[in-house]
Amino acid sequence: MKYSLTFFICLIISGFSFAQTDELTAAEEEAFQKVIDSIENSFSYQYGEIDLQDGLAKLKVPEGYKFLDETQSAYVLTQLWGNPPSEVLGLLFPEEISPISDNFTYAVEIEYSEEGYIDDDDAGDIDYDELLAEMKKDVSDVNSQRMEQGYGSMDLIGWASAPFYDHANKKLHWAKELKFEDAEVNTLNYNIRVLGRKGYLNMNAIGDIDVLPVFNRDIDKILASVEFTKGNRYSDFNPDMDDVAAYGIGGLIAGKILAKAGFFAMILKFWKIIAVGAIGLFSVFKKKIFGQKDDGNA
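Computed from a predicted structure; not experimentally measured.

Criteria and thresholds
Residues numbered from 1 in each chain as written. Predicted model: local features only at pLDDT ≥ 70, side-chain atom pairs only at ≥ 80, totals over all residues. Heavy atoms only, no water. Helix = DSSP H or I, 4+ residues; strand = E, 2+ residues; numbered from the N terminus. Buried < 20%, exposed > 50% of the residue type's maximum accessible area, 1.4 Å probe, protein only. Phe/Tyr/Trp six-rings, centres within 6.5 Å; stacked < 30°, edge-to-face > 60°. Pairing = 2+ DSSP bridges. Axes fitted to C-alpha atoms, helices over the stretch in contact; angles between N-to-C directions. pLDDT = per-residue confidence, 0-100. Contact = heavy atoms within 4.5 Å. Patch = residues over 30% accessible without salt bridge, like charges linked within 9 Å, V, L, I, M, F, W, Y side chains within 5 Å. Areas by Shrake-Rupley, 256 points an atom, 1.4 Å probe, with all protein chains shown as cover. Salt bridge = Lys/Arg side-chain N within 4 Å of Asp/Glu carboxyl O. Lys, Arg positive; Asp, Glu negative; His and termini not counted. Charge placed at Lys NZ, Arg CZ, Asp CG, Glu CD. Core = buried A, V, L, I, M, F, W, Y, C linked by side-chain atoms within 4.5 Å.

### Some words on unusual backbone geometry
Positive phi, normally seen in glycine, also occurs at Gln 53, with a value near 50 degrees. Mapped onto the secondary structure, Gln 53 falls in the loop between strand 1 (49-52) and strand 2 (57-60). For Asp 54, which is not glycine, the phi dihedral falls at a positive 55 degrees. Secondary-structure assignment places Asp 54 in the loop between strand 1 and strand 2. Look at Asp 54 and you get exposed, because its relative accessible area is 83%.

Written out as structure tokens, the structure is:
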């Protein structure tokens, strides 16, 4: 049976008889740090040029970033951050950040969806204000389902960054600002799609909304870091052999592709990655459950 990091830290916690004190004991601090150090030391980051999905695409790790391969990324997403299993290609982290950093800001998850060639003829005709209104309604309509399954309500506030389609390079990106019930800070969901012959590469970054200026600083080099290889590019599409997706650019932004799983499932998945996984686990366990004092330097 597999257990998440939360489970093991709970075992550590249960092994101590906590005194009514505002500070960690030496034994508590040592036990916690051993868990953290062991996990940190297990990561093997990569730099330079990386093959994705057996040569389907190439990633040139941007300056200031590091990459975890698909095996390690699956471990992070499922065992450390508590997400359902998924076919991830890897995770990009800012150089100074790790999956269990106290100062965690964001990570970029990379996946591939083989849903067919996406016709981009509608890209110049989309009314993004109208599309946003439809998306807000979709989010609102699914709130009853969220609450039935034990999750709080969620609202789509608006575009954090309006959709932009780079027609020449076949790259699409946009960002949403989301409000989760009882959350003090709104959430940023930054989406990048790189179109290819038979589908697209998914690059998603999630963090607090105040991360947006930091992410915007690096967006150009992140966009430039990934390309499909020869034979898999958008221009390699063969109408006699290849399938065409049932949606265009508008449907890709609105999330219609995920209708079979539901917009609820998509949002829940990516929300849990950061808000529940990285930020909550380490700040809460270390500062609240252990009762460690704030020394004013955080």
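### Concerning the packing of aromatic side chains
What characterises a pair of aromatic rings is the spacing of the ring centres plus the angle enclosed by the ring planes. Scanning the model with the defined rule gives 7 aromatic pairs in all. Both rings, one in Tyr 45 and one in Phe 93, keep their centres 6.5 Å apart while their planes meet at 80 degrees; by these two values the pair is edge-to-face. Residue Tyr 45 is located in the loop between helix 2 (26-42) and strand 1, and its partner Phe 93 is located in strand 4 (residues 88-94); the two are separated by 48 residues in the primary sequence. Taking the centre distance of 4.5 Å and the plane angle of 25 degrees together, the rings of Tyr 117 and Tyr 234 count as stacked.

### Quick look at the sheet that holds strand 1
If you trace the 3 strands from one edge of the open sheet to the other, you get 1-2-10, paired in antiparallel fashion. Both outer strands of the open sheet, strand 1 and strand 10 (226-228), are each paired with one neighbouring strand and no more. Put simply, the sheet's adjacent strands are angled 25 degrees from each other on average, direction ignored. Relative to strand 2, strand 1 runs antiparallel, the two sharing 4 bridges. Residue pairing across strands places Glu 49 opposite Lys 60, the latter belonging to strand 2.

### A word on the pairing of strand 7 (residues 171-180)
The element strand 7 is largely enclosed, with a buried count of 9 among its 10 residues. Across 9 bridges, the pairing between strand 6 (residues 154-166) and strand 7 is antiparallel. Pairing of Phe 164 across the sheet is with His 173, part of strand 7. From the end of strand 6 to the start of strand 7, which pair antiparallel, there are 4 residues, and Lys 170 there has a positive phi angle of about 60 degrees. Strand direction decides the pairing type here: strand 7 and strand 8 (residues 187-195), joined by 8 bridges, are antiparallel. Along strand 8, the bridge assignment pairs Leu 178 with Thr 187. Between strand 7 and strand 8, which pair antiparallel in sequence order, lie 6 residues; one of them, Asp 182, sits at a positive phi of approximately 70 degrees.

### Structural notes on the confidence of the model for the protein
In this model, the protein carries an average pLDDT of 80, and 77% of its residues clear a pLDDT of 70 or more. Mean pLDDT across the elements of the protein bottoms out in helix 8 (residues 263-289) (42) and peaks in strand 2 (98). pLDDT under 50 marks residues 16-21. Its contacts with residues more than four places away, or in other chains, come to 7 contacts. Throughout residues 256-298 the model reports pLDDT below 50, and contacts reaching past four residues in sequence, or to other chains, amount to 98 contacts.

### Focus: the pairing of strand 3 (residues 65-68)
Alternating residues of strand 3 divide into Tyr 65 and Phe 67 and Lys 66 and Leu 68, and every residue in both groups is buried. Relative to strand 4, strand 3 is paired through 4 bridges, and the arrangement is antiparallel. Counted as the bridge partner of Leu 68 is Leu 91 from strand 4.

### Comments concerning a negative patch on the surface
Together, Asp 127, Asp 129, Glu 130 and Glu 134 line one region of the surface with negative charge. Relative to the helices and strands, Glu 134 is located in helix 4 (residues 128-141).

### With respect to the nonpolar core
Counting 30 residues, the largest nonpolar core has Leu 59 and Leu 92 as its most contacted members. It is helix 6 (residues 212-224) that contributes the most residues to this core, 5 residues altogether. Filtering out sequence-adjacent residues up to four positions away, Leu 92 remains in contact with Leu 59, Val 61, Pro 62, Tyr 65, Lys 66, Phe 67, Ala 107, Val 108, Ile 110 and Met 203. If you look at the next biggest cluster of nonpolar residues, it comprises 28 residues, including Ile 118, Tyr 128, Leu 156 and Trp 159.

### Section: the pattern of salt bridges
Counting across every chain of the model gives 8 salt bridges. For Arg 217, the salt bridge is made with Asp 218, and the minimal N-O distance between the two is 3.4 Å.

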